[in-house]
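Notes for the structure review
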Amino acid sequence: MFKKLFPALTAMMSIAYLAPAHAEDDVRIALVVKAMGIGFFEAANEGAQEAAEELGNVEIIYTGPTTTTAEGQIEVISSLIAQRVDAIAVSANDQDALVPILSRAQQRGIKVISWDSGVAPEGRSVHLSPSSDDLIGRMNVQLAADALEAKGVSSGQMAILSATPTSTNQNVWIEEMKKVLPEFPQLEFVDTVYGDDLADKSYREAVALMRNHPDLDVIVAPTTVGILAAAQAVSDEGRVGEVYVTGLGLPSELAGHVESGAMHNFAIWNPIDLGYAATTIAYNLVMDNATETSVDMGRMGTAQLDENGSAAMAEPFIYDATNVEDFADIF
Amino acid sequence: MANTMTQTAVPNRLSNHWLHHLLRWETFLLLVTVLVFLFNSLATPYFLDPWNLSDATFNFTEKAIIALPMAMLIICREIDLSVASIIALSSVSMGLAAEAGMGPGGLVFVAVSVGIVCGLFNGLVVTHFGIPSIVVTIGTMSLYRGIAYVILGDGAFTNYPSGFEFFGQGYVYWVFSFEFTLFMGMALIFYGLLHHTNFGRRTYAIGNNPTAALYSGIKVNKHKLILFVMVGAISGLASVLLTSRLGSTRPSIAFGWELSVITMVVLGGVSILGGSGSMVGVVIAVFLMGLVTFGLGLLNVPGIVMTIIIGAMLISVISIPLVAGRLRAAREQRK
């Protein structure tokens with residue numbers, strides 16, 4: 001038996017020496033994602049690598065569990081603590097369950113930030129949201145104004161297709177949109193309808209909107225389900241070029257509608273920028289280059305931290321005919 | 001002359017062969033475990049650190065505790081796929097009890113009681129209606145977790161009383177966590193129960209031939225019921241440890257753990273068809289799995305590759321002795 005096992009042992013040892021050695025003075029930043037193999041997070045890793053290259057002495061450890069579970073992330077994080085990485089930047093599967101293990105990481109001198117999907121404040125020092133409510137609200141109105149311009153009219157009507165009437169973030173965004181509307185006099189706000197984030201109900205509501213408001217120019221849907229259903233409804237009703245759809249959506253689902261002309265542009269956070277900013281923030285925390293209220297994000301500007309250590313990265317990123325195809329492969 | 005030979009030789013060979021086989025399986029597992037340990041120590045400088053090793057035990061201890069009674073259940077030709085869902089339901093019940101202001105001791109009682117009720121339900125349906133346990137527990141797997149989702153929805157319980165975190169995060173002595181100490185103690189108890197009591201011998205008897213066991217006076221259904229309740233109760237206990245370690249409850253807690261538990265049992269040499277296996281093997285398998293995942297984690301092997309490696313390890317560790325045995329049998333036949 002030993003004879004058989006000996007080659008196996010030597011083979012295993014040779015693998016050990018193949019394991020990449022890192023320079024001791026490198027800053028090692030672990031980018032922990034919800035699960036491996038998700039396009040959005042692969043893109044974030046691309047951004048993290050970009051930041052590492054720019055900063056010079058940074059090694060990125062891109063890792064995560066196979067399924068989106070808190071237990072899996074805890075296992076990954078405990079092995080990162082054992083490796084004494086310098087910083088952990090995590091997109092959490094559970095904002096509470098990760099707190100004990102991340103507190104332990106912090107006790108052992110590791111800087112912890114969360115990004116995209118946050119961790120409760122006692123488990124991290126900084127949380128980076130992709131955007132903020134007021135930036136999202138403003139962006140949605142701006143997109144509606146862009147659509148009017150694309151249509152070539154000086155003023156027009158807009159309506160909102162939301163998710164459920166009880167959806168907290170949708171309601172906050174709609175409120176923020178109404179706040180900035182006075183700055184856009186060319187837009188006349190006519191109606192808000194609710195598609196409950198169901199494809200078929202959103203579709204029917206979009207059709208009803210176009211029938212009830214024959215002069216409608218723009219449908220704004222700040223929900224990925226609603227925006228797709230509305231674009232489909234506009235195409236099916238033969239109103240392409242008359243009614244534009246915009247809002248928050250995924251490039252992979254909407255590339256076809258941008259091409260057909262049912263949409264001029266739309267927005268969502270850019271995962272590459274998010275990975276880049278998270279890495280830069282983690283690096284600056286390790287280097288002690290941060291204050292209580294602000295931390296530098298490289299090409300993304302400066303993150304303003306609120307009293308809970310939360311920051312918003314930027315306004316949502318705009319996708320149109322020039323770039324949607326490239327991002328459609330990513331997420 | 002021939003008569004005396006068979007009288008002395010047959011029982012000897014039988015017991016020798018059985019012992020030989022047992023020893024060989026466990027030695028083999030132990031050898032693989034030692035190799036993995038050596039490999040890890042050479043491959044990464046962070047492995048041989050008492051605190052790192054102690055931290056690593058947290059990731060498998062809760063599953064390992066369930067693997068102990070699960071091994072007995074599988075030896076008895078039954079299986080329980082609902083263990084992870086029992087963890088979820090127990091955890092949600094603890095969350096409700098904690099909201100009502102119950103202390104740490106009361107929460108343990110609640111979790112274990114819920115586990116016992118779930119195990120009792122599984123056992124009664126299996127023994128009363130004679131439905132295969134794999135079917136029943138696939139059903140209750142959805143049922144128990146379903147109840148947890150109905151109660152909690154997309155919310156979470158986070159207000160556990162102070163002192164409760166000891167079960168999943170506390171240390172008994174130096175690097176030995178409460179969880180790990182509990183597991184080692186329970187491994188001893190289950191070793192005694194399976195290998196040195198009538199209860200254990202009956203478990204083997206039922207697993208080898210339930211009909212023969214019944215006719216030799218063993219209360220087969222009652223025995224199975226006790227095992228189901230035991231698995232349920234210990235799943236409840238595992239729920240205490242996990243909930244305390246996470247400091248919170250969500251209905252998705254421990255999702256997919258039933259397969260990890262069963263993997264540990266099968267890797268430990270317990271026949272999935274029942275009737276054979278040992279507690280020592282299961283405990284070694286627990287450490288083997290823990291060491292492999294921790295070592296690969298330290299090398300930052302992506303989780304997807306890790307599952308492939310663990311799957312390959314399971315198949316090869318189980319098939320190597322089988323293939324070797326078959327080769328040896330073929331060689332002896334040629335002689």
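Naming follows an unreviewed UniProt entry, where chain B appears as Autoinducer 2 import system permease protein LsrD of Halomonas citrativorans. The UniProt entry for chain B carries the following text under Subunit (unreviewed entry): "The complex is composed of two ATP-binding proteins (LsrA), two transmembrane proteins (LsrC and LsrD) and a solute-binding protein (LsrB)." Among the UniProt annotations of chain B, the heading Subcellular location (unreviewed entry) holds the following wording: "Cell inner membrane".

The heading Sequence similarities (unreviewed entry) in the UniProt record of chain A holds the text "Belongs to the bacterial solute-binding protein 2 family." Quoted verbatim from the Subcellular location (unreviewed entry) heading of the UniProt record, the comment on chain A is "Periplasm".

1. Overview of the overall build of chain A
Of the regular secondary structure elements, chain A holds 11 helices and 14 strands. The principal-axis extents of the C-alpha atoms in chain A amount to approximately 80 × 50 × 35 Å. Looking at chain A as a whole, 50% of its 331 residues qualify as buried.

2. Observations concerning the overall build of chain B
For chain B, the count of helices and strands is 13 helices and two strands. Computed over the C-alpha atoms, the radius of gyration of chain B is 22 Å, within 12% of the 20 Å expected from 2.2 N^0.38 for a compact globule of 335 residues. Taken along its principal axes, the extent of the C-alpha atoms in chain B is 80 × 55 × 35 Å. Per-residue burial over chain B gives 46% buried out of 335 residues. Here the analysis covers contacts within chain B between residues at least 6 apart in sequence; of these, 79% occur between residues at least 24 apart.

3. Quick notes on the sheet that holds strand β6 (residues 156–162) of chain A
Backbone hydrogen bonds are what pair the strands of a sheet, in a parallel or an antiparallel way. Residues and elements named next belong to chain A. Taken in spatial order, the four strands make up an open sheet running β7-β6-β8-β9, and their pairing is parallel. Lying at the two open borders of the sheet, with one neighbouring strand each, are β7 (187–194) and β9 (244–247). In this sheet, adjacent strand axes meet at a mean angle of 25 degrees when their direction is disregarded. Note: β6 against strand β8 (residues 216–221), four bridges, orientation parallel. Counterpart to Gln 157 in the pairing with β8 is Leu 216.

4. Digging into the packing of helix α3 (residues 70–82) of chain A against helix α4 (residues 99–107) of chain A
Residue and element names in this part refer to chain A. Between α3 and α4, whose axes approach to 10 Å, the crossing angle comes to 10 degrees. In terms of their interaxial angle, α3 and α4 are classed as roughly parallel. Together, Ile 74, Ile 77, Ser 78 and Ile 81 of α3 and Ile 101, Leu 102, Arg 104 and Ala 105 of α4 make up the contact between the two elements. Tallied by class, residues from the contact of α3 with α4 come to six nonpolar, one polar and one charged.

5. As for the UniProt feature "transmembrane region" (unreviewed entry) in chain B
This chain's UniProt record puts "transmembrane region" (unreviewed entry) on residues 28–48, 107–127, 134–152, 172–194, 225–242, 254–273, 280–298 and 304–325 of chain B. The annotated region residues 254–273 of chain B carries 55% helix and 0% strand content, and the separation between its end C-alpha atoms amounts to 26 Å.

6. A look at the nonpolar core
Residues and elements named next belong to chain A. Core analysis: the biggest nonpolar cluster contains 153 residues, and Ile 88 and Ala 89 have the highest contact counts within it. Not counting residues up to four positions away in its chain, the partners in contact with Ile 88 are Ala 30, Val 32, Ile 77, Leu 80, Ala 105, Ile 110 and Val 112. Of all hydrophobic cores here, the second largest spans 46 residues; its members include Ile 219, Met 263, Phe 266 and Phe 327.

7. Brief notes about the interface of chain A and chain B
Facing the 30 residues of chain A at the interface are 31 residues of chain B. Residue assignment for the side of chain A that touches chain B shows that the elements contributing at least two residues are α1 (2–18), β2 (58–63), α3 and α4 of chain A. Per element, the largest residue contribution to the side of chain A that touches chain B is nine residues, and it comes from α3(A). Classifying every residue of the side of chain A that touches chain B gives 15 nonpolar, 10 polar and five charged.

8. Section: helix α13 (residues 303–334) of chain B
Since the α-helix packs 3.6 residues into each turn, any two residues three or four apart lie on the same face. Residues and elements named next belong to chain B. Here α13 is 32 residues long and its end C-alpha atoms lie 46 Å apart, about the 46 Å a rise of 1.5 Å per residue gives. Within α13, the axis deviates most sharply at Ser 319, by approximately 30 degrees, and proline Pro 321 lies no more than four positions further along. Little of α13 is tucked away, with two of its 32 residues classed as buried.

9. So, the packing of helix α3 (residues 83–99) of chain B against helix α11 (residues 257–267) of chain B
Residue and element names in this part refer to chain B. Where α3 contacts α11, the axes come no closer than 7 Å and their chain directions differ by 130 degrees. Put simply, α3 runs oblique to α11. Contacts between α3 and α11 involve Val 83, Ala 84 and Ile 87 from the former and Trp 257, Glu 258 and Val 261 from the latter. Split into classes, the residues belonging to the contact of α3 with α11 amount to five nonpolar, no polar and one charged.

10. Here's the deal with the domain arrangement of chain A
On domain assignment, one finds that chain A holds domain 1 (11–130 + 271–314) and domain 2 (133–268). Of note, the centres of domain 1 of chain A and domain 2 of chain A, computed from C-alpha atoms alone, are 35 Å apart.

11. Let's talk about the pairing of strand β14 (residues 317–320) of chain A
Residue and element names in this part refer to chain A. Covered by surrounding structure in β14 are Phe 317 and Tyr 319 only, the residues Ile 318 and Asp 320 on the alternate face being uncovered. Pairing between strand β10 (residues 265–268) and β14: four bridges, direction antiparallel. Each bridged residue has a counterpart across the sheet, and for Ile 268 the counterpart in β14 is Phe 317.

12. Side note on the confidence of the model for chain A
Confidence in the prediction of chain A, expressed as mean pLDDT, is 87, and 93% of residues score 70 or more. Between the elements of chain A, mean pLDDT differs from a low of 46, seen in α1(A), to a high of 95, seen in strand β3 (residues 87–90) of chain A.

13. Let's talk about helix α12 (residues 279–298) of chain B
Residue and element names in this part refer to chain B. End to end, α12 covers 29 Å across 20 residues, agreeing with the expected 28 Å (1.5 Å per residue, within 8%). In terms of burial, α12 is a largely internal element, 18 of the 20 residues being buried. Looking one or two places after α12, you find Asn 300, whose phi comes out positive at around 55 degrees.

14. As for the pairing of strand β4 (residues 111–115) of chain A
All names here are of chain A. β4 sits mainly inside the fold: five of its five residues count as buried. Burial of β4 is two-sided: the residues Lys 111, Ile 113 and Trp 115 facing one way and the residues Val 112 and Ser 114 facing the other way are all buried. As judged from the four bridges shared by β3 and β4, these two strands associate in the parallel manner. Residue pairing for β4: Val 90 is matched across the bridge by Ser 114. Of the pairings in the sheet, the one linking β4 to strand β5 (residues 126–129) comprises three bridges and is parallel in character. If you follow Trp 115 over to β5, its bridge partner there is Leu 128.

15. Topic: the sheet that holds β2(A)
Residue and element names in this part refer to chain A. On the basis of which strands lie adjacent, the open sheet formed by six strands has the order β2-β1-β3-β4-β5-β13 and parallel pairing. Single-partner strands in this sheet number two, and they are β2 and β13 (310–312). Neighbouring strand axes in the sheet, compared pairwise and without regard to direction, differ in orientation by 20 degrees on average. Strand contacts of helix α10 (residues 271–286): β1 (27–32), β2, β3, β4 and β5, with the helix running at about 160 degrees to β4, the strand carrying the most contacts.

Rules and cut-offs
Residues numbered from 1 in each chain as written. Chains lettered and ligands numbered in written order. Predicted model: local features only at pLDDT ≥ 70, side-chain atom pairs only at ≥ 80, totals over all residues. UniProt positions renumbered as here; feature names shortened; annotations may be inferred. Helix = DSSP H or I, 4+ residues; strand = E, 2+ residues; numbered from the N terminus. Buried ≥ 20, exposed ≤ 12 C-beta atoms within 10 Å, placed from the backbone. Rg over C-alpha atoms; globule rule 2.2 N^0.38 Å. Contact = placed C-beta atoms within 7 Å. Pairing = 2+ DSSP bridges. Axes fitted to C-alpha atoms, helices over the stretch in contact; angles between N-to-C directions. Parallel < 35°, antiparallel > 145°, perpendicular 65-115°, else oblique. Nonpolar A, V, L, I, M, F, W, Y, C, P; charged D, E, K, R; others polar. Core = buried A, V, L, I, M, F, W, Y, C linked by C-beta atoms within 7 Å. Expected span 1.5 Å × (residues − 1). Bend = angle between axes of the 7 residues up to and from the residue. Domains from an automatic or database assignment. pLDDT = per-residue confidence, 0-100.

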